[in-house]
Amino acid sequence: MIDWVNNILPEIVLFGVTCVVMVLGLSKNLAWRNMVMPVCALGLAVSGFVALTTPVRGVVLLPELMPFAKAAIAGIAMLLLLLQEGAVDRFEERDIAKGVRPFDAIRTNRAEYYAFFMFSITGLMLCTSARDLVWLFLALELTSLPSYIMVAVSGVGRNGAHKSQEAAVKYFFLGALGAATFLYGFAMIYGGTGTTNLVGITDAIRLQGDALNPILLAGLLISLVGLCFKIAAFPMHFYTPDVYQGAAAPVSAFLAFVPKAAGFFAIAQLMVAVGWTHGASGNSLPEPIVMMLTVIAMLTMTLGNVLALWQHSVKRILAYSSVAHSGYMLVGIIAGPGDGSFAKNGLAAVLFYLVAYGITNVGAFAAVACLERRKGDHVTEADDLSDIRGICRTHPWVGIAFVVSALSLLGMPPALGFFAKLPLFTSGISSGHLPLVIVLGLNSAIAAYYYLRLARIAWLENPDDRREPVVPAPFESRHIAAMGSLLGIIVLAVFGGTLMQGSANAFESAVSTSESVAVDDSELIQEMVDVLSVHTDPMGQFDIGR
């Protein structure tokens, strides 16, 4: 028991900070209420430091994952936190400052909103600490339940509040369906193995001769379908565009990373428990799981990219983009850990991709959150494509952050997204899933249309003079978040070798031959090039190593 208290010290820190935040946010003193965000930031920083410095104890399925993942979560959560300023109580605080009405704790939402934010981040960290299915289910729900309320309250006091409330209802009911589905799958996994412990499930499969009995296999398949809701993958992706568009932009940025990361951590741990010692060659997941994940990955990335082509809302484009990125990351899940080297380790590629996507995602949504149109008391987000037209000229730094983020999401070199997407290709090729890699390449080409379209509109076109001008939102922290995202994209693209190696080390226990050698960026890239060079067609016309 003491070991597990030690392992969740970062989550305990976040819980304590959340309790303080709930009290500060209800204070009648504005200065105390304004301390909510700095206290949250301090809690996240301390939590990340504790995660890196506290050794993992006890029997854990993926002990190396916890410190790296929790520190990365804390860092990205700080960027997301900066984006949240003004998401609630904007007009309420204005009226209180003008003396129009006195402070009323019933009418304000700051305490609850930031507490829910911190609870959801706590749940995400707990997903990496999960040691059994019950823990994993509770962590997933702690991640998701606060986000339903964040969507709803982000529209309170704003123009178009009905949109956020409608989005919250859609999100909640589909979320309940997803939770019921993977919980039923967890129950069947217990029925097929006699245990809910993740390490115990691995042992039970080995005792059965690495064969999956029908109940266990059915439970795994059903669980994966339910978890598709968390990652916004087919067939549970339908809510994504409506919810992202209906919620405030800071909340949409939060939804694009936090529940998705929780879902992938859960899927990765389930698949590690099953192991990649099945299949005809003895180095893959069981064939039914591979077939289902392959179909889901292909449909997810294709539907996400194709449907994004027809959108005129920036948030809907980014929503379908989020769907497509889930399809990309499923390629790494299917590929598995390989031989442990980063270029062939699909799980490490997924973890690095999550970090890169989380940072880049903030920059893309920050442009929507930092800009708005005003007509008297009517305020709308800069969500339409015409709203971002020429923002590199009118709002240079926000525009640059948006353009760089769009190019990084595309995976254009030398942006961070390129270094994140390349190992998905190399791991997929090295594991023999060439059709899936071809679909990944084709979808990356399709995605280039709308990402380059976003970059062109923001960078090359002139602002639309026929409408009210786009003005900066009066929240400095949102602009700091955009600049932080831009800086993260640049720095990690140049000095990402340590992060890549950390991602590989996080899944070291999932590799049968766990020999990890530290290498620099150039060696990592060369290793990926070698993988692509070896696994080419006999004629060699696509051999990029030549």
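For the structure, check the block above.
Residues numbered from 1 in each chain as written. Predicted model: local features only at pLDDT ≥ 70, side-chain atom pairs only at ≥ 80, totals over all residues. Heavy atoms only, no water.

**Regarding the packing of aromatic side chains**
Two aromatic rings are characterised by how far apart their centres lie and by the angle between their planes. A full pass over the atoms with the stated rule returns 14 aromatic pairs. On the numbers, 5.6 Å between centres and 85 degrees between planes, the contact of Y113 with Y114 is edge-to-face. Accessibility classification places Y113 together with Y114 in one group, the buried group. Among the aromatic residues, ring-to-ring pairing joins Y148, Y171, F172, F173, F229 and Y239 into one connected group. (Phe/Tyr/Trp six-rings, centres within 6.5 Å; stacked < 30°, edge-to-face > 60°. Buried < 20%, exposed > 50% of the residue type's maximum accessible area, 1.4 Å probe, protein only.)

**Focus: the pairing of strand β2 (residues 378-381)**
Side chains V379 and E381 of β2 all project onto a buried face; the interleaved residues H378 and T380 project onto a face where none is buried. Relative to β2, strand β1 (residues 371-375) runs antiparallel, the two sharing four bridges. Bridging from a neighbouring strand, R374 pairs with V379 of β2. (Helix = DSSP H or I, 4+ residues; strand = E, 2+ residues; numbered from the N terminus. Pairing = 2+ DSSP bridges.)

**Let's talk about the sheet that holds β1**
The sheet built from three strands is open, its strands ordered β2-β1-β3 with antiparallel pairing. Since the sheet does not close on itself, it has two edges, and those belong to β2 and β3 (470-472), each with one partner. For this sheet, the mean inter-axis angle between neighbouring strands, taken without regard to orientation, is 45 degrees. (Axes fitted to C-alpha atoms, helices over the stretch in contact; angles between N-to-C directions.)

**Some details on unusual backbone geometry**
When glycine is set aside, most residues are seen to have a negative phi, and most peptide bonds are trans. Residue F234 is joined to P235 through a cis peptide bond whose omega torsion reads 5 degrees. Mapped onto the fold, P235 is located in the loop between α11 (214-231) and α12 (240-246). Cis geometry is found at the peptide bond from P413 to P414, where omega equals 5 degrees. With respect to the helices and strands, P414 occurs in the loop between α18 (396-410) and α19 (416-430). The phi angle at A232 is positive, at roughly 60 degrees, despite the residue not being glycine. Secondary-structure assignment places A232 in the loop between α11 and α12.

**Quick word on a nonpolar patch on the surface**
On the surface, a nonpolar cluster with roughly 490 Å² of combined accessible area is contributed by L487, I490, V491, V494 and F495. With respect to the helices and strands, V491 occurs in helix α21 (residues 476-494). Residue class for V491 comes out partly exposed when judged on its relative accessible area of 36%. (Patch = residues over 30% accessible without salt bridge, like charges linked within 9 Å, V, L, I, M, F, W, Y side chains within 5 Å. Areas by Shrake-Rupley, 256 points an atom, 1.4 Å probe, with all protein chains shown as cover. Salt bridge = Lys/Arg side-chain N within 4 Å of Asp/Glu carboxyl O.)

**Looking at the packing of helix α15 (residues 314-335) against α19**
Remark: α15 packs on α19, axes separated minimally by 9 Å, with the N-to-C direction vectors making an angle of 40 degrees. As the angle between them shows, α15 and α19 are arranged oblique. With respect to the hand of their crossing, α15 and α19 are arranged in left-handed fashion. Where α15 abuts α19, its residues Y328, M329, V331, G332 and A335 lie against K421, L424, S427 and G428. Residue classes in the contact of α15 with α19 are distributed as five nonpolar, three polar and one charged. (Parallel < 35°, antiparallel > 145°, perpendicular 65-115°, else oblique. Left-handed = near helix turned anticlockwise from the far one by under 90°. Contact = heavy atoms within 4.5 Å. Nonpolar A, V, L, I, M, F, W, Y, C, P; charged D, E, K, R; others polar.)

**With respect to the pattern of salt bridges**
Throughout the structure, instances matching the rule amount to 10 salt bridges. In this structure, K70 and E11 form a salt bridge, with 3.0 Å as the shortest nitrogen-oxygen distance. In this pair, K70 sits in helix α5 (residues 65-83) while E11 sits in helix α2 (residues 9-24), placing the two residues 59 residues apart along the sequence. The class for E11 is buried, based on a relative accessible area of 4%. The residue K170 makes a salt bridge to D242 at a minimum N-O spacing of 3.0 Å. Remark: D242 occurs in helix α12 and K170 occurs in helix α9 (residues 161-193); sequence separation between them is 72 residues. Its relative accessible area of 30% is what places D242 among the partly exposed residues. Linked through salt bridges whose partners overlap, the residues forming this network are E166, K170, D242 and R316.

**Quick look at the nonpolar core**
M271 and I333 are the most contacted members of the largest nonpolar core, which totals 183 residues. Apart from the residues lying within four places of it in its own chain, the contact partners of M271 are L220, L224, W276, L285, I289, L293 and I333. (Core = buried A, V, L, I, M, F, W, Y, C linked by side-chain atoms within 4.5 Å.)

**Considerations on the packing of α2 against helix α7 (residues 110-129)**
Between two packed helices, the angle of one axis relative to the other and the distance separating the axes together describe the packing. Contact geometry of α2 with α7 gives a least axis separation of 9 Å together with a crossing angle of 170 degrees. Our classification of the angle between α2 and α7 gives roughly antiparallel. Packed against α2, whose contacting residues are P10, E11, L14, F15, V17, T18, V21 and M22, the element α7 presents A111, Y114, A115, M118, F119, I121, T122, M125, L126 and S129 at the interface. Class assignment of the residues belonging to the contact of α2 with α7 gives a composition of 14 nonpolar, three polar and one charged.

**Observations concerning empty space enclosed by the protein**
Taken as a whole and judged by the stated rule, the model has seven cavities of 30 Å³ or more. Its boundaries defined by the atoms lining it, the largest cavity holds a volume of some 70 Å³. As for the largest cavity, its lining consists of N6, N7, P10, V50, A51, T54, P55, V56, M66, P67 and K70. Of all the secondary-structure elements, those providing two or more residues to the lining of the largest cavity are α1 (2-7), α4 (36-53) and α5. A class-by-class count of the residues in the lining of the largest cavity yields seven nonpolar, three polar and one charged. (1 Å grid on protein atoms, 1.4 Å probe; cavity = no way out; pocket = protein on both sides within 12 Å on 5 of 7 lines; lining within 4 Å. Points joined across faces, edges and corners; volume = space filled by probe spheres on them.)

**A word on the environment of A447**
You can see A447 is positioned in helix α20 (residues 434-459). The sequence separation of A447 and L309 amounts to 138 residues, and the corresponding C-alpha distance is 8.1 Å. Beyond its immediate sequence surroundings of up to four residues, A447 is in contact with N305, Y328 and L410.

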